[in-house]
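Close look at the chain arrangement
Okay, here's what each chain looks like letter by letter:
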Amino acid sequence: MSENIAAIAALPMYDWPELEDAHDVYWRALRKSLRNYRLPAPDALHRGTPDAELWQQRGLLLSQTCGLPLVRSLADSVNVIGTPAYDIDCGAGCYYSTIVVRKDFPAADLSALQGSRFTFNGHNSQSGYATLAYALRDLAGSEPYFLCRLQSGSHRQSIRNVATGVADVAAIDAVTWQIALRHEKAAQELRVLTTTEPTPGLPMICSKNKDWSTDQLHMAVVEAMATLDETTRDMLLLTGFAQTSLEDYAIIGQRFEIAQSVHM
């Protein structure tokens, strides 16, 4: 490997404690497949580094990221390998957000959310922040649409914030929502108000390293997914791996430019 940089790999986006064992099984399949292509796959997944720092690592052989940071800050330092497809009733490689409220919250559509309390995982999240801002582009005016905004730090905490009444509404990506329905008791207190327009899903990336072929990385992921047992595939909601490129994510950047003008 050039410059003797140790390769690292991570799957941080849906790595809930309840799914760590399944992700480890997935990684073992990925590791074997990557090594078959003579790619320097590490023995274990890397965990614990903040996402923004992780994605900038020069030794990043494989990780999953969010489409918004991809187009805003990572485009010059990473290559897109492809995009996982999930069992969420969306086309291959795409996803959307579920707008959730408490079951007893009196709202029938987005227009009824004005003056409510919004909780979100982070400002740099496509699914938790930008997609809802874009959805409100024709409803929001010159004054803030929400009474207050509470940054939670994670989709899971946003779900808990709404369930406990700390907030009234959250945007949760469709994969996380399905995981939450299985593993987070607070999700049972919520209902889906609506869903947002689909965009390309969370891509797999690698650092720009001349020794690593994105075609080989893509095939390694495809072949690893094909070897997964049904239980692991179901736990991770995986259904395939779409061929995508940075250009496919331009729509996220375009919508973000519009979303920035929305007074949330």
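Right above here is the structure, for reference.
Below is a short write-up of the structure. Computed from a prediction, not measured in an experiment: that's the story for all the values here.

So, about the pairing of strand 5 (residues 97-102). Counting buried positions over the 6 residues of strand 5 gives 6, a clear majority of the element. For strand 5 and strand 8 (residues 169-173), the ladder comprises 5 bridges, and the chain directions are antiparallel. Its bridge partner lying in strand 8, V101 is registered against V169. With 5 bridges connecting them, strand 5 and strand 9 (residues 190-195) associate as antiparallel partners. Directly across from T98, in strand 9, lies its bridge partner T195.

In space, the 5 strands of this open sheet follow the order 1-2-11-3-12, with mixed pairing throughout. At either margin of the open sheet sits one strand with a lone partner, and together these are strand 1 (8-9) and strand 12 (238-242). Note: strand 1 against strand 2 (residues 60-64), 2 bridges, orientation parallel. Bridge pairing links I8 to L60 in strand 2. Sheet strands touched by helix 1 (residues 20-36): strand 1, strand 2, strand 11 (204-207) and strand 12. Its angle to strand 2, the strand with the most contacts, is close to 145°.

Before going further, it helps to examine the state of the cysteines. Evaluation of the coordinates by the stated rule reveals 1 disulfide. Sulfur-sulfur distance for the disulfide between C90 and C94 comes to 2.0 Å. The sign of the S-S torsion, about -120°, decides the handedness of the disulfide formed by C90 and C94: left-handed. Cysteine C66 shares no disulfide, and the gap to the nearest cysteine sulfur, in C94, comes to 14 Å.

Proteins that are soluble and globular tend to have nonpolar side chains buried together. Counting residues in hydrophobic clusters, the biggest one holds 53 residues, and the most contacted among them are Y26, L34 and L62. Discounting chain neighbours no more than four positions away, the residues touching L34 are W27, L39, A41, L61, L62, L217 and A220. Counting residues in hydrophobic clusters, the runner-up holds 22 residues, among them Y129, L136, A171 and A259.

So, about unusual backbone geometry. Negative phi characterises most residues that are not glycine, and trans characterises most peptide bonds. Of note, D89 is a non-glycine position whose phi angle comes to about 55°, a positive value. Within the secondary structure, D89 is located in the loop between strand 3 (78-86) and strand 4 (94-95). For L237, which is not glycine, the phi torsion reads 65° and is therefore positive. Summarising the element assignment, L237 is placed in the loop between helix 8 (230-236) and strand 12. A relative accessible area of 4% places L237 in the buried class.

Turning our eyes to something else, we now look at helix 1. Here helix 1 spans 24 Å end to end across 17 residues, near enough to the 24 Å set by a 1.5 Å rise per residue. Those residues of helix 1 lying buried are A22, H23, Y26, W27, A29, L30, S33 and L34. All buried residues of helix 1 lie within an arc of 165° about the axis, which places them on one face of the element. In this structure, helix 1 carries D21, K32 and N36 as exposed residues pointing more than 90 degrees from its buried face. Those residues of helix 1 hidden inside the fold are in contact with strand 1, strand 2, strand 11, helix 7 (214-227), helix 8 and strand 12. Phi turns positive one or two residues past the end of helix 1, at R38, with a value near 60°.

The rules behind the values
Residues numbered from 1 in each chain as written. Predicted model: local features only at pLDDT ≥ 70, side-chain atom pairs only at ≥ 80, totals over all residues. Heavy atoms only, no water. Buried < 20%, exposed > 50% of the residue type's maximum accessible area, 1.4 Å probe, protein only. Helix = DSSP H or I, 4+ residues; strand = E, 2+ residues; numbered from the N terminus. Pairing = 2+ DSSP bridges. Contact = heavy atoms within 4.5 Å. Axes fitted to C-alpha atoms, helices over the stretch in contact; angles between N-to-C directions. Disulfide = S-S within 2.5 Å. Core = buried A, V, L, I, M, F, W, Y, C linked by side-chain atoms within 4.5 Å. Expected span 1.5 Å × (residues − 1). Arc of directions from axis to C-beta.

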